[in-house]
Amino acid sequence: MTTAYAPAVRVDCPAKTNLTLEVGPTHEEWGGRHALDTVYCAVGVYDTVTAAAKEPGTGFSLELEGAHLGDLASSSSDMRRNHAVLALFAMAQEAGREPDVALTITKRIPVGAGLGGGSADAAAAILAIDRLWDLHWPMERLRAIAATLGADMPFCLTGGLAHGTGFGERIEDIDPNSAWAQDLHDQGFTGEVLIGAYQSQLSTPEVYHTFDVVGAGAGDRNHLQAAAISLHPRSGQAIEAALQAGARHAFVSGSGPSVVAFVPDAATAQRVIDTWVEQNAADRIIRAQAPATPVIASPSDANVATSHL
Ligand SMILES: C[C@](O)(CO)[C@H](O)COP(=O)(O)OP(=O)(O)OC[C@H]1O[C@@H](n2ccc(N)nc2=O)[C@H](O)[C@@H]1O
Ligand SMILES: Nc1ncnc2c1ncn2[C@@H]1O[C@H](COP(=O)(O)OP(=O)(O)OP(=O)(O)O)[C@@H](O)[C@H]1O
């Protein structure tokens, strides 16, 4: 007898950056994490996570795809520590079920880049499993589960623009039609974005520890920027080059090393790309739109576009 399983679910989840990132003191009750006041912005480079049911009692499986796997590609990378798998375990515990799910991750978000790649995959897994198991839990419940896994994960569940506080897990969505969103748009923080990414990765804990020593740079919207540049100077070169080429804003994304540049038009985008190439200021250049939101699809939603990928 063949068992009929619910169809696999696919979620495309965008990367995140921080349009502002104010870093305050550490809190023991948060595991030593710093207090944050940040404006999150999801950026349209997507990882794709699929979740499919497996035979009961067979446990989870994980397949990784993509040309940019960073340190995930190494044989020592422990599948059980992958953020998407940790999300599956958390959902299974909350639902009182076994994690008999086959996960696949197609990675496009640079790894260890300050773009929330692991957080995006964890959020995508939560959204996919919520649909696969027909749970239909409210977003607040999904966010509470995500917050136990990492600071950026609650935001990644909804994307768009949001105000983050606490250690980053307290999320207040910024309505796209609000005066706040309009102001961010008027400042040039929406539309075409260029991401300068690198072969090298930065450890988020190390960047925060370096911040504790060097502090924030004068006038830096991202308080971690000076720390990230001290650990990865090429990011500072890419920022200067982008601003000289006409970008309205250019800064380190989160804990870095990647650099995000907001440009007003296609001509400026091309000038920034040409300058980064001429100066070898980045190893990989990605063009994207901001803000962006997760796209959830089951095979039955055959009409779901994939032009955003
Ligand atoms: C840099 C940001 O990406 C900005 O959005 C986030 O603050 C980091 O989010 P994340 O990678 O999900 O961070 P977590 O996985 O929760 O924590 C990783 C490590 O980063 C440091 N960390 C993280 C968040 C925070 N508010 N303060 C911290 O000091 C801590 O050393 C922590 O052990
Ligand atoms: N699914 C995943 N995708 C990317 N990294 C993962 C994943 N699961 C575990 N990791 C590990 O998490 C570490 C950080 O990767 P990630 O891409 O989330 O960094 P990041 O973009 O700097 O995150 P953040 O901006 O939230 O600090 C990497 O060293 C990687 O080995």
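Predicted, not measured: the structure shown is a model, and the values here were computed from it.

**Overview of the overall build of the protein**
For step 1, the next point in the chain: Scanning the protein from terminus to terminus reveals 9 helices and 11 strands.
For step 2, the next point in the chain: Rg of the C-alpha trace for the protein: 19 Å, near the compact-globule value of 19 Å for 309 residues, within the 12% margin.
For step 3, the next point in the chain: Summarising its shape, the C-alpha atoms of the protein cover approximately 65 × 45 × 45 Å along the three principal directions.
For step 4, the next point in the chain: Approximately 13,400 Å² of the protein is accessible, and the part contributed by carbon and sulfur atoms is 51%.
For step 5, the next point in the chain: Within the protein, the 35 negative side-chain charges are centred at a point lying 3 Å from the centre of the 19 positive side-chain charges.

**A few points about the environment of H249**
For step 1, the next point in the chain: Inspection of the secondary structure puts H249 in strand β8 (residues 249-252).
For step 2, the next point in the chain: Here H249 falls in the buried class, since its relative accessible area comes to 17%.
For step 3, the next point in the chain: Placed 37 residues apart in sequence, H249 and I286 show a C-alpha to C-alpha distance of 16 Å.
For step 4, the next point in the chain: Excluding residues that lie within four positions of it along the chain, H249 makes contacts with Q187, G188, F189, L243, V260, A261 and F262.
For step 5, the next point in the chain: A polar contact is formed between the side chain of H249 and the backbone oxygen of Q187, at a distance of 2.5 Å.

**Comments concerning the site of ligand 2**
For step 1, the next point in the chain: Neighbouring ligand 2 are 21 residues, the closest being D71, G118, D121, D152 and T204.
For step 2, the next point in the chain: One of the backbone nitrogen or oxygen atoms of G112 is found 2.9 Å away from an oxygen atom of ligand 2.
For step 3, the next point in the chain: Contact with the protein chains removes 83% of the 610 Å² of surface that ligand 2 exposes when unbound.
For step 4, the next point in the chain: Broken down by element, the residue count for the shell around ligand 2 peaks at 4 residues, all from helix α2 (residues 117-132).
For step 5, the next point in the chain: Counting residues domain by domain, the shell around ligand 2 receives three or more from each of domain 1 (8-175) and domain 2 (189-290).

**Quick notes on the nonpolar core**
For step 1, the next point in the chain: Counting 62 residues, the largest nonpolar core has L19, M91, L103, I126, W133, I195 and F262 as its most contacted members.
For step 2, the next point in the chain: With 10 residues, the top contributor of residues to this core is α2.
For step 3, the next point in the chain: Here this core spans two domains, and each of domain 1 (8-175) and domain 2 (189-290) adds at least three residues to it.
For step 4, the next point in the chain: Those residues in contact with F262 that sit more than four places away from it in its chain are L19, G188, F189, T190, E192, V193, A247, R248, H249, F251 and A290.
For step 5, the next point in the chain: Counting residues in each nonpolar core, the second largest holds 29 residues, with L194, L202, L224 and A247 among its members.

**Remarks on the confidence of the model for the protein**
For step 1, the next point in the chain: Summing up the model confidence of the protein, the mean pLDDT is 95 and the portion of residues at 70 or higher is 97%.
For step 2, the next point in the chain: Overall fold confidence (pTM) sits at 0.96, and the ipTM for the predicted complex is 0.96.

**Observations concerning the packing of α2 against helix α3 (residues 139-147)**
For step 1, the next point in the chain: Where α2 meets α3, the closest approach of the two axes is 11 Å, and the angle between their N-to-C directions is 135 degrees. Judged by the angle between their axes, α2 and α3 are oblique. For α2 against α3, the interelement crossing comes out right-handed. When α2 is examined against α3, the residues I126, L127 and D130 are found in contact with a partner set consisting of M139, L142, I145 and A146.

**A closer look at the site of ligand 1**
For step 1, the next point in the chain: Near ligand 1 lie 16 residues; those nearest to it are R33, H34, A151, D152 and Y208.
For step 2, the next point in the chain: At 3.0 Å, a side-chain N or O of K16 approaches an oxygen atom of ligand 1.
For step 3, the next point in the chain: Within the side chain of Y208, an N or O atom sits 2.6 Å from an oxygen atom of ligand 1.
For step 4, the next point in the chain: Among the elements of the structure, β1 (9-27), β2 (33-53) and α6 (204-214) are those that each provide at least two residues to the shell around ligand 1.

**Overview of the UniProt feature "binding site: ATP" (unreviewed entry) in the protein**
For step 1, the next point in the chain: UniProt records the feature "binding site: ATP" (unreviewed entry) at P110, V111, G112, A113, G114, L115, G116, G117, G118, S119 and A120, using the numbering of this structure.
For step 2, the next point in the chain: Within the secondary structure layout, V111 lies in the loop between β4 (101-106) and α2.
For step 3, the next point in the chain: Exposure remark for V111: the relative accessible area of 17% places this residue in the buried category.
For step 4, the next point in the chain: Once residues lying within four places of it in the same chain are set aside, the contact partners of V111 are H68, L69, G70, D71, L72 and Q201.
For step 5, the next point in the chain: For G114, the location among the structural elements is in the loop between β4 and α2.
For step 6, the next point in the chain: The exposure class assigned to G114 is buried, which follows from its relative accessible area of 9%.
For step 7, the next point in the chain: Residues within four places of G114 in sequence aside, it is in contact with K16, S253, G254, S255 and G256.

Calculation criteria
Residues numbered from 1 in each chain as written. Chains lettered and ligands numbered in written order. Predicted model: local features only at pLDDT ≥ 70, side-chain atom pairs only at ≥ 80, totals over all residues. Heavy atoms only, no water. Helix = DSSP H or I, 4+ residues; strand = E, 2+ residues; numbered from the N terminus. Rg over C-alpha atoms; globule rule 2.2 N^0.38 Å. Areas by Shrake-Rupley, 256 points an atom, 1.4 Å probe, with all protein chains shown as cover. Lys, Arg positive; Asp, Glu negative; His and termini not counted. Charge placed at Lys NZ, Arg CZ, Asp CG, Glu CD. Buried < 20%, exposed > 50% of the residue type's maximum accessible area, 1.4 Å probe, protein only. Contact = heavy atoms within 4.5 Å. Polar contact = N/O pair within 3.5 Å; in protein donor to acceptor, adjacent residues only side chain to side chain. Near = heavy atom within 4 Å. Domains from an automatic or database assignment. Core = buried A, V, L, I, M, F, W, Y, C linked by side-chain atoms within 4.5 Å. pLDDT = per-residue confidence, 0-100. Axes fitted to C-alpha atoms, helices over the stretch in contact; angles between N-to-C directions. Parallel < 35°, antiparallel > 145°, perpendicular 65-115°, else oblique. Left-handed = near helix turned anticlockwise from the far one by under 90°. UniProt positions renumbered as here; feature names shortened; annotations may be inferred.

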